[in-house]
Amino acid sequence: MNLLVLILTESVLDKPDSESFIEKVIPNFWAFLVQFIAFIIMILIVIKFAYKPVANFLRKRREYVESNLNEALNKNKEADLNLEQTKSNLQSSQKEAIQIIQDAKKQAELERSQMLEDTNKDIAARRIKAEEELEISKEKALKEMHDDVIDIAMEATKNILNRNISEQDDQKLLDDFVDDLIDEKVEK
């Protein structure tokens, strides 16, 4: 260590002149030129064998990353589009389902109204038919009653008069009598 300090102090203490300064900065021009040329050749070799493959690798890697990024963005856009389309389809399906339910309710209401109308028509027709049958039965009963009253009256007349009246007279008397009875009954 002493030796190093001694060398350093001697070199520092000496004042360099311009030639020694140039020699210290550029010790040997030819050595410098050879080293510089070797350095340039080394740079060319590094560029040829190391830089270009590395640059190609980095370029390919950048392209790969960019393509993956673009693909991911495209898939994201496609997913968003599919999501919007799915939402739209869901909304239209819901609207369609609501419309189907409303149509079914309207159809059921129409069918119920039609069934009520048919039932009312059937009831009205049966009522009319029953009233007609009742009227027919009433007329039939009146006719039977009329015939029975005539027969009874004829018998009573024969017994009272003990004689035979002509059949036309009998019939006229009985018809008048029965008509009077029926008129009195109807008026009450």
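The shown structure was predicted, so the numbers you read here are calculated from the model rather than taken from an experiment. (Residues numbered from 1 in each chain as written. Predicted model: local features only at pLDDT ≥ 70, side-chain atom pairs only at ≥ 80, totals over all residues. Heavy atoms only, no water.)

(A) Up close: the overall build of the protein chain. A tally of regular secondary structure across the protein chain gives 4 helices and 0 strands. Here the protein chain holds 188 residues, and 4% of them are scored as buried. Split by element, the accessible area of the protein chain, about 17,500 Å² in all, is 61% carbon and sulfur. (Helix = DSSP H or I, 4+ residues; strand = E, 2+ residues; numbered from the N terminus. Buried < 20%, exposed > 50% of the residue type's maximum accessible area, 1.4 Å probe, protein only. Areas by Shrake-Rupley, 256 points an atom, 1.4 Å probe, with all protein chains shown as cover.)

(B) Broad picture of the environment of His146. Assignment of secondary structure puts His146 in helix α3 (residues 29-161). Put simply, His146 and Phe177 are 31 residues apart on the chain and 9.9 Å apart in space, counted from C-alpha to C-alpha. Filtering out sequence-adjacent residues up to four positions away, His146 remains in contact with Asp175, Val178 and Asp179. (Contact = heavy atoms within 4.5 Å.)

(C) Quick look at a negative patch on the surface. On the surface, Glu144, Asp147, Asp148, Asp151 and Glu155 cluster together into a negatively charged patch. By secondary structure assignment, the location of Glu144 is in helix α3. Looking at Glu144, the relative accessible area reads 44%, which means it is partly exposed. (Patch = residues over 30% accessible without salt bridge, like charges linked within 9 Å, V, L, I, M, F, W, Y side chains within 5 Å. Salt bridge = Lys/Arg side-chain N within 4 Å of Asp/Glu carboxyl O. Lys, Arg positive; Asp, Glu negative; His and termini not counted. Charge placed at Lys NZ, Arg CZ, Asp CG, Glu CD.)

(D) The arrangement of the confidence of the model for the protein chain in detail. Residues of the protein chain with pLDDT of at least 70 account for 75%, and the chain-wide mean is 80. Of all secondary-structure elements in the protein chain, the lowest mean pLDDT belongs to helix α1 (residues 2-13), at 52, while α3 reaches the highest, 87. (pLDDT = per-residue confidence, 0-100.)

(E) Up close: the pattern of salt bridges. Applying the stated criterion across every chain yields a total of 5 salt bridges. Residues Glu71 and Lys75 are paired through a salt bridge, measuring 3.3 Å at the closest nitrogen-oxygen approach. Placement of both Glu71 and Lys75 in helix α3 is noted, with a separation of 4 residues, approximately one turn of the helix. Salt-bridge contacts for Glu117 lead to Lys121; the nearest nitrogen and oxygen are separated by 3.3 Å. Taken together, the residues span about one helical turn, with Glu117 and Lys121 both in helix α3 at a distance of 4 residues. Judged by its relative accessible area of 39%, Glu117 falls in the partly exposed class.

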